Amino acid sequence: MYSEWASLEEVIADNVGQTSVLQNFPNSVGRDVACSIVKSLARHLSVNAADCQTSQLNTDSQVQWTMEVLWHGLGLPMSEYETINDCVNVYCEWLTAMTNPKDSVPIPILEDPNAYTQIIIRHFYSLFIPRDVSGVDRQGMLCHRVLRALESLARDSSLMVPDTWNIILQFLLAVNDTLLSPPIVKDSLGAELGRRVVCVLFKLWLLACSRCFPSPPLWKSFRNMCLNWRHHIALIEQWSRTNLLLTARMLRIMYGPNFPELKLPQDLKEEFPVIPADMDDDRVAQTWFRFLHILHNPVQLSSPAIVSNTPKFLHMALTSEAVVDPSQHPCLHNLPEIFFRAMKGVSAVVDAFLGISQVELLDMSVAPSLSKPVAMTAAVTPPLKKKPAGTKDTKKSNSSIQKQLSTPVTPTVSQVSLSLEDKKSLAAGRAKCNSILHLLGSWLFEAALVGCPIATETKDNTESRRSGSFIGRTSLSSSAGSAPALTGSDHPLDLELSYDAGRAEAVGALCRIFCAHKTGEDILAVYYARFYIILKQGLQIKENLSGPVLSSLLFNACNLLRNDLEGVTVIFPDLVSALEIVLPEKEPRFKLHPNIPLVELRRASIHLLLSMLCLPLHFRNLPIKEILKGLSSQPVTFVSMRPRLINLVVSALQVETDSVNTQMLLGGLLLCTQDSALCEEVDQASVQEEMVGGNDSSNNLLAPEETGTPRQGSNWSLDSDRSSKSFTSITKEFDSAQGLFVRSIYLVCHRLISTWKTDLNVSLAALELLSGLAKMSLKQKDLLECKRAVRWICEYIVYQCSRPPQAHSKDLHSTIVAAYQCVTTWLLEHHKLLNDKECLNTVLEVVEMGISGSKSQPKPNDVPPTYKGDKDLKPASMRVRDAAEGVLSCMLDLVGAFPPPSGPESLNSELNEDSLLRYTKGVHSLENRRCFRYFIIENSIILGMLEQPLGNDQDPLPTVVVINRNPLGRHVWTMRLRQLSRKKSLQAGSRSFLTPPSRPAPSNDCGTHYDVKQSYFPESVHNLPQTQAEKSIPSLSSLVKTTDALEFSKLQSCIQQQAAFETSVKLNESQRCHPKRPTECNPPKVCHEFQTARLLLSHLGYLSLEALKGSVNSPVPSLIALNSGSETFHDDLDMLDDMRSRTSDTLLVFYVHSGQKTVTEILENETPIHFYEFLRSMGWPVDVRQHPGWNGLLDSKILQQDTAFSSRPEDVAARTEFDAISKILYWADHSTELAIIVPSVRFLQLVKQQDMKPKDSMAEFPYVPLSASSKQNAEGANEQTRAALHLDLNLESRQKQTKEKAEKPAASPVASPNLSSSMRRRKHWSRQLSVVGHEMRVLVVWLESYEDNTTFPACELIAELNGSAATQPQEKDIFIIFVHALQSGLFRIHLRGGTSSSGRISMATPLVDGMVVSRRSLGSLVRQTTINMHRRRRLDTDVYQPPHVKRRLKIQDIASKYRNKMAGPEFYTALFADLNQEKESIV
């Protein structure tokens, strides 16, 4: 840099070598003259206010002669302290001539202040010459006074000329060289003033750069002289501080005010003045660059031989018998800490350019175990440099010299623990990696290999490298002064003399640089090669293991495999080996970096693990190349690393105690299992295609795997060798998906019951993983393992519910609710589990415990069970009871019946009263629903009964059509009372069941008739005498009184007449032949009128007197008749129908091209084919005009009216296919509906058009947000017109209507004749709710450039889509899943937001921030994370109620409003009343 300039070192040495004239006289003469004259001058200074006089020195010669005396006085021994103090006072007062002159300043100095100031500054050097150790303290005080005077002079003077500045800087250089060049000696002036003089030098030099920029010779002198001071920590600290201060200013110059401001340490702001604002940018740049290189190469600090190669060290070695080799001086034992601080300063500059605003400079120190100062009591000869045989041992004979050597002054600094959060926030406009490496790379690369012998083929190859090559230079410099390398685990490295701390900083800085790689950024190949060599050396776990370096590497390399770094997979095996000594152990076997907590190190290791889980199945048999030849004889393939990765995940979960780390590992475990299952499924499909001769590989692999949805599959991989082994064959020797499934269930369930049960977020993550396992598609699932999983989850629920009352909290109940939801998922996905009596009993016991608070029989066969009527209902909470009731309802309604035949889009029947009346016989008015009878049973089910047969019913059987509205939805049943089963009726022929069964044909051959008189008693009974007991029963005639004689006679007459009639009948019958037609029994005629509602209620057992009365547990009767004649009754029924039976969520998906930041740009994007495939993998497309399920709070009828939006060009249609105007992507299971929308510009235009319409407009835009006041009723509400989506019984009529709708615009819903009056009277929701139906918004953003995640306008997009009337969203209420496609074909995930307002619930799984996923599992994982995030937010919401609870409460509200309070007789009278007259009036 300064090769063409001469140094001023000799000039400076000449200036400080001059002496006063009084030095030529004897010491006593000079001392006496100085004492007398200085005492006289000091008496009249301004400090002595009482005797202050004007100076009598009026000529230059007088002043110069006096200054010779003062110069000599400054060099007197410290025994003449008063004289020296007076000399300092006189000179300091005379220096005020440059700022604010005092009265005592001589006139010649006032006339030419710069010339005399230069002389005074030169004379001050005599004060800094070391003297006797006993007077160091007093000498230090005077030196501090002079330094303060110089600081004041440089800061306040406006008269200083360049020569004065040069003299000040030369003086400071000379002082620093005098005090800092010699080896450190305890209690010396250099040890006392070292930090102060260095600080003043840097501060005034920095000030000079802004006022009078130093000349190149002066810069060169400064740079050369710093080489002599490098064994002082103070120099390195000041160098780092100055670099940081200048770098902060450079960042504003280079990147503008939007770049993250560098947060400087508070002590740095106080100690250094802010760079003047008027200092031009060129000066700042020059100053920054020159200061940065003022130490030459800071890596040389790791070499004691180089640092000690100075004249003063050589002089010490020659004059001292205690030190033989200059490099073995005890003060050099501090070089490890000095090297660390230098690398820390370089690392701070790297962080500044990366945009990490919070840097740790002096707040970090090396722990004693790494690089603590060593007491310098003796010179130790290293093992590699033994003394010659003839050398005298001077350890015992030089005790006097040893006492002078001791520990240097070391600043006391505090230790600060690092966190990954501090390293994540990189500036979007940060410097390129190449730029930083050009500037600092040579130092960092060299420092990262200090003490690491690089494996080379031969020694000759190493020596033959050119001198400027990387490996050659680092090898030589590393071996010059580093400690011996570790050769085995049995010989631990002497950390006190190692340079691992500085090396760790260099490795960490390099990792942060390469991990800051931007999308599409190029890095020189030579930098890649050097970096990978360093990583391979740092990841050594057998030989040359360095705990601090390994800790720093893993901590700072989280994004190593997430960026598109060329060839980064070459270190994949080394990373896995390093993780194997970190994650499976509770306590690592190596020494950690003191500033990196174990929890943070494990978290960083888990991040690395999550980024490599998909690599084996992605690259499969691709070999991993070695960096250095000859280290491995057999190449390693990616798929061979898979068992090690799986074992890492499992073993890490077994020992992990941190909540966040555990959740991350659970997400990784589900990723492994699901990706493995999908891979096996694809391989099996590929094998089948090859067997049938199918060679088409263009199918989409990303289609959803749920039942009932179309699926497409393909074996997509980067491996072009189609003949390679399939994954199924590979996993024969490794873990298969089935094996992972079983291992995951065992591990997670056991940990959930034992250690995770008290942690809310970990429990939720574990239950989410178990739910994901339940939905996983495997070829063969072991039902026994599924049964065990359900049993363990039930045991978890029992434990949580059985905890003492003081342990019950909202978080505890949230885990119980989530566990019940998990049980429901397992039962629905494996409905055969209910065929197992033990499993069924376990589930029912847990349901009973959730509803009542206890089990009927706590222990089997122990005590008799407690019956339902005898139990006190004391559930853990209402939330727990509702969740348990939900499990029971799903068991009875959905298990084994989901998805329904119509598909998972709707669990409800689309038939309602209007649809049924349209096809009912004899009913011609759709406006009157009085044909229906409405009852509520058990205060939770509304039965609407229609006793009129439908039009397609040709059989006059007792028929009733029942509309069942219960908490799980609306269902329509048709019931008939048959004499024969349907099967027998069909076998008998058409309509044969209407004819009663015929009697057998009579036979005239009756046989011989015997007239035998039957005897009931033996014939001899009349011959037996009667006893008194027989006479105890009197005859009837003896009991008849006079008053009863008439009645008795009438009775006798009737008896006689009946006996005569029977006798005559017998006589006539005996005379007639068979068959006897007049007396034959014939069935009655077929009845066509039935009270079927009464019959149904009777068969259900609800017409008893007990059913009409309340019970102990419920004051509401089991059966309630409703008054359906109320005007608002059907409106309430319609409102109940609009309340969805499943949770309804909305997911907004955006595609962001590189550099896009505005809403309009993002909405106008054209989506590529791979993004379209990703969309299709999350759900299946549906038409919002005919879709019966959740559609994102959109009313399709309004869209049908707008022909401008319904008709669109083909190119626009392809670009905006799923923008909710015509289509959306939809996914549903038993509990959740998910609408996936890709908003477009025309969607936004429609939002704005609706904002301009009047508030009372009936044709309101269908994008209907919910108001905050209607949260409880509107959660999941679907405001689409249900009547327009009814299920027509006549298929041909429906097809005809669909065709007519397609040909002409749909009519207004107000004027439509097909809508009931209640539908026309329906009120519109106010537009004040969010897109997704509650406060949580989930967005998926596909990024072409990963750096655009920091500028994505999430709040602006949501605000635009909500319309002007909606409240502005907050960042905390928006959860964003960023997806970035890597060049390898994998996808990087970044999560932002999602933390609940209470802070208790964190992000959901399975996706984890930083995870790298495969193409085949991306869509499924994004969908699961979205649904789980919504579920977690609902668990954390105090006012949230499940859908079945809302519907039940609405049913109870209807019961209280429209109940017919009738007594028993009135109820039966109304029930048996004939409705024929009413029906005729309706017709």
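Sequence order as written defines the numbering, with residues in each chain counted from 1. With pLDDT at 70 or above as the cut-off, local features in this predicted model cover only qualifying residues; side-chain atom pairs require 80 or more to be listed or tallied, and sums for whole chains, interfaces and linings still use all residues. Processing note: side-chain calculations cover all non-hydrogen atoms of the structure and skip hydrogens and water entirely.

1. With respect to the overall build of the protein
To keep it simple, the criterion reads: Secondary structure elements follow DSSP: runs of H or I no shorter than four residues count as helices, runs of E no shorter than two count as strands, and numbering proceeds from the N terminus. Exposure categories follow from relative accessible area, calculated using a 1.4 Å probe and restricted to protein chains: below 20% of the type maximum is buried, above 50% is exposed, and the middle band is partly exposed. Residues count as neighbours in contact if any of their non-hydrogen atoms are within 4.5 Å of one another. Surface accessibility follows the Shrake-Rupley procedure with a 1.4 Å probe radius. Residue values consider only the protein chains on display as shielding.
Secondary structure summary: the protein contains 57 helices and 15 strands in total. Counting all 1483 residues of the protein, 53% fall into the buried class. In the protein, of all internal contacts separated by at least 6 residues, the share reaching a separation of at least 24 is 77%. Accessible area of the protein: about 67400 Å², with a carbon and sulfur share of 53%.

2. Examining the packing of helix H23 (residues 500-515) against helix H25 (residues 547-556)
Put simply, the rule is: Working convention: axes come from line fits to C-alpha atoms, limited for helices to the stretch in contact. Angles between N-to-C directions cover 0 to 180 degrees. An angle counts as roughly parallel when it lies under 35 degrees, as roughly antiparallel when it exceeds 145, as roughly perpendicular when it falls between 65 and 115, and as oblique in every other case. Crossing chirality is assigned from the near helix's rotation relative to the far helix, an anticlockwise turn below a right angle marking it left-handed and a clockwise turn marking it right-handed. Nonpolar residues are Ala, Val, Leu, Ile, Met, Phe, Trp, Tyr, Cys and Pro. Charged residues are Asp, Glu, Lys and Arg, and all others, Gly as well, are polar.
Between H23 and H25, the shortest axis-to-axis distance is 8 Å and the interhelical angle comes to 15°. Classified by the angle between their axes, H23 and H25 sit roughly parallel to one another. Remark: the crossing between H23 and H25 carries right-handed chirality. Taking contact as the criterion, the partners of Asp500, Arg503, Ala504, Val507, Gly508, Cys511, Arg512 and Cys515 in H23 are, on H25, Pro548, Val549, Ser552, Leu553 and Asn556. Residue composition of the contact of H23 with H25, grouped by class: seven nonpolar, three polar and three charged.

3. Digging into the environment of Leu295
Structurally, the position occupied by Leu295 is in the loop between helix H13 (281-292) and helix H14 (304-307). Residue Leu295 is classed as buried on the basis of its relative accessible area, which comes to 1%. With 59 residues separating them in the primary sequence, Leu295 and Ile236 have C-alpha atoms 8.7 Å apart. In this structure Leu295 touches Cys226, Leu227, Arg230, Leu235, Ile236 and Trp239, once residues within four positions along its chain are discounted.

4. Examining the sheet that holds strand S10 (residues 1223-1228)
For clarity, the cut-off: Only strands that DSSP links by at least two bridges are regarded as paired with each other.
Pairing in this open sheet of eight strands is mixed, and the strands run S9-S10-S11-S8-S12-S13-S14-S15 from one edge to the other. Of all the strands in the sheet, the pair left with one neighbour each is strand S9 (1180-1183) and strand S15 (1412-1413).

5. Here we look at the pairing of strand S13 (residues 1374-1381)
Across the eight residues of S13, seven count as buried, placing the element largely inside the fold. For strand S12 (residues 1337-1343) and S13, the ladder comprises seven bridges, and the chain directions are parallel. Across the sheet, residue Trp1342 finds its bridge partner in S13, namely Val1379. Relative to strand S14 (residues 1387-1392), S13 is paired through six bridges, and the arrangement is antiparallel. Within the sheet, the bridge partner assigned to Ala1381 lies in S14 and is Phe1387. If you look at the hairpin formed by S13 and S14, you'll find five residues sitting between the two strands, and Gly1385 has a positive phi there, around 100°.

6. A closer look at the pattern of salt bridges
Put simply, the rule reads: Between Lys or Arg on one side and Asp or Glu on the other, a salt bridge is scored when a side-chain nitrogen of the former is within 4 Å of a carboxyl oxygen of the latter.
Tallying each qualifying case throughout the model produces 43 salt bridges. Note that Glu505 is salt-bridged to Lys344, the shortest N-O span being 3.7 Å. With Glu505 in helix H23 and Lys344 in helix H16 (residues 335-354), this pair connects stretches of sequence that are 161 residues apart. On the basis of relative accessible area, Lys344 is assigned to the buried category, the value being 4%. One salt bridge in this structure joins Arg1416 and Asp675, with 3.1 Å as the shortest N-O distance. Residue Arg1416 is found in helix H54 (residues 1415-1436), and its partner Asp675 is found in helix H30 (residues 659-691); the two are separated by 741 residues along the sequence. Residues Arg1416 and Asp675 agree in their burial class; the two are buried. Put simply, Arg195, Glu237, Glu337 and Arg341 are held in one network by salt bridges that share partners.

7. Notes on the side chain of Asn966
Spelled out, the test is: In the analysis that follows, any N or O atom pair within 3.5 Å is treated as a polar contact, provided that within protein one partner can donate a hydrogen and the other can accept it, and provided that, for residues neighboring in sequence, both atoms belong to side chains.
Tracing the sequence through the fold places Asn966 in strand S5 (residues 959-966). Classification of Asn966 as buried rests on a relative accessible area of 8%. One polar contact links the side chain of Asn966 to the main-chain amide nitrogen of Leu968, over a distance of 2.9 Å. Non-local contacts of Asn966, meaning those with residues more than four positions away in its chain, are made with Asp893, Ser940, Ile941, His971, Arg1447 and Ile1451.

8. With respect to the nonpolar core
Our working definition: Buried Ala, Val, Leu, Ile, Met, Phe, Trp, Tyr and Cys residues that are joined via side-chain atoms within 4.5 Å together make up what is termed a nonpolar core.
In terms of nonpolar packing, the biggest core is built from 329 residues, with Phe128, Phe222, Leu560, Met612, Trp826 and Phe1352 touching the most fellow members. Among all residues touching Leu560, those that are not within four sequence positions of it are Cys515, Phe531, Leu535, Leu565, Val568, Ile571, Leu575 and Leu608. Ranked by size, the runner-up nonpolar core spans 20 residues in total, among them Leu916, Ile936, Ile1451 and Tyr1458.

9. Focus on the pairing of strand S6 (residues 969-976)
Working note: regular strand, side chains alternate between the two faces of the sheet. Inspection of the sheet shows S5 paired to S6 by eight bridges, in the antiparallel sense. Residue Asn966 lies in a different strand from S6, and its bridge partner there is Gly969. Adjacent in sequence and paired antiparallel, S5 and S6 are bridged by two residues.

10. Re the environment of His830
Secondary-structure assignment places His830 in the loop between helix H35 (810-829) and helix H36 (837-852). His830 gets classed as buried once you look at its relative accessible area, which sits at 8%. Separated by 66 residues in the primary sequence, His830 and Gly896 have C-alpha atoms spaced 8.3 Å apart. If we ignore the near neighbours within four places in the chain, the residues touching His830 are Ala774, Lys781 and Cys786.

11. Focus on helix H24 (residues 525-538)
For clarity, the threshold we go by: What a helix should span is 1.5 Å times the count of its residues minus one.
For H24, which comprises 14 residues, the first-to-last C-alpha distance of 20 Å matches the rise-based estimate of 20 Å (1.5 Å per residue) to within 8%. H24 sits mainly inside the fold: 11 of its 14 residues count as buried. All of the buried residues along H24 are Tyr527, Tyr528, Arg530, Phe531, Tyr532, Ile533, Ile534, Leu535, Lys536, Gln537 and Gly538.

12. Here's the deal with the packing of aromatic side chains
Formally: Note on aromatic contacts: the rings of Phe and Tyr and the six-membered ring of Trp form a pair at centre separations within 6.5 Å, being stacked when their planes are under 30 degrees apart, edge-to-face when over 60 apart, and tilted otherwise.
Applying the stated criterion to the full structure yields 37 aromatic pairs. Geometrically, the ring pair formed by Trp288 and Phe353 is tilted, given 5.8 Å between the ring centres and 55° between the ring planes. With a gap of 65 residues between them, Trp288 in helix H13 and Phe353 in helix H16 connect regions that are remote in the sequence. For Trp288, a relative accessible area of 8% puts it in the buried group. Phe353 gets classed as buried once you look at its relative accessible area, which sits at 5%.

13. A closer look at the packing of helix H11 (residues 233-255) against H13
The geometry of H11 relative to H13 is characterised by a closest axis approach of 9 Å and an angle of 145° between their N-to-C directions. Judged by the sense of rotation from one axis to the other, the crossing of H11 with H13 is left-handed. Side by side, H11 and H13 meet where Trp239, Thr242, Asn243, Leu246, Thr247, Arg249, Met250 and Ile253 of the first sit next to Asp281, Val284, Ala285, Thr287, Trp288, Phe291 and Leu292 of the second. Residue composition of the contact of H11 with H13, grouped by class: nine nonpolar, four polar and two charged.

14. Side note on the sheet that holds S6
With respect to topology, five strands assemble into an open sheet ordered S6-S5-S4-S3-S7, the strand pairing being antiparallel. Edge positions in the sheet fall to S6 and strand S7 (1119-1121), since each of these pairs with one other strand and no more. Within this sheet the neighbouring strands show an average axis-to-axis angle of 25°, counted without direction. Judged from the six bridges that link them, strand S3 (residues 932-937) and strand S4 (residues 941-946) form a sheet pairing that is antiparallel. Residue Ile936 lies in a different strand from S4, and its bridge partner there is Ile942.

15. Let's talk about a nonpolar patch on the surface
The criterion, for reference: Any residue with relative accessible area above 30% and no salt bridge may belong to a patch, with like charges joined within 9 Å and the nonpolar Val, Leu, Ile, Met, Phe, Trp and Tyr side chains within 5 Å.
A grouping of Tyr1016, Phe1017, Val1021 and Leu1024 is seen on the molecular surface, where their side chains present a nonpolar patch of about 510 Å² in accessible area. Examined against the element boundaries, Val1021 turns out to sit in the loop between helix H39 (982-988) and helix H40 (1036-1039). A residue is classified by how much of its surface remains accessible, and Val1021, at 34% relative accessible area, is partly exposed.

16. Remarks on unusual backbone geometry
Across the chain, the bulk of peptide bonds are trans and the bulk of non-glycine residues have phi less than zero. A cis amide bond, omega 0°, links Phe898 with the succeeding residue Pro899. By the secondary structure assignment, Pro899 is in the loop between helix H37 (878-893) and helix H38 (913-918). Looking along the chain, the bond that leaves Thr1405 and enters Pro1406 is cis, with omega of 15°. Topologically, Pro1406 is positioned in the loop between S14 and S15. Its identity is not glycine, yet His296 carries a phi of approximately 60°, on the positive side. Among the structural elements, His296 can be located in the loop between H13 and H14.

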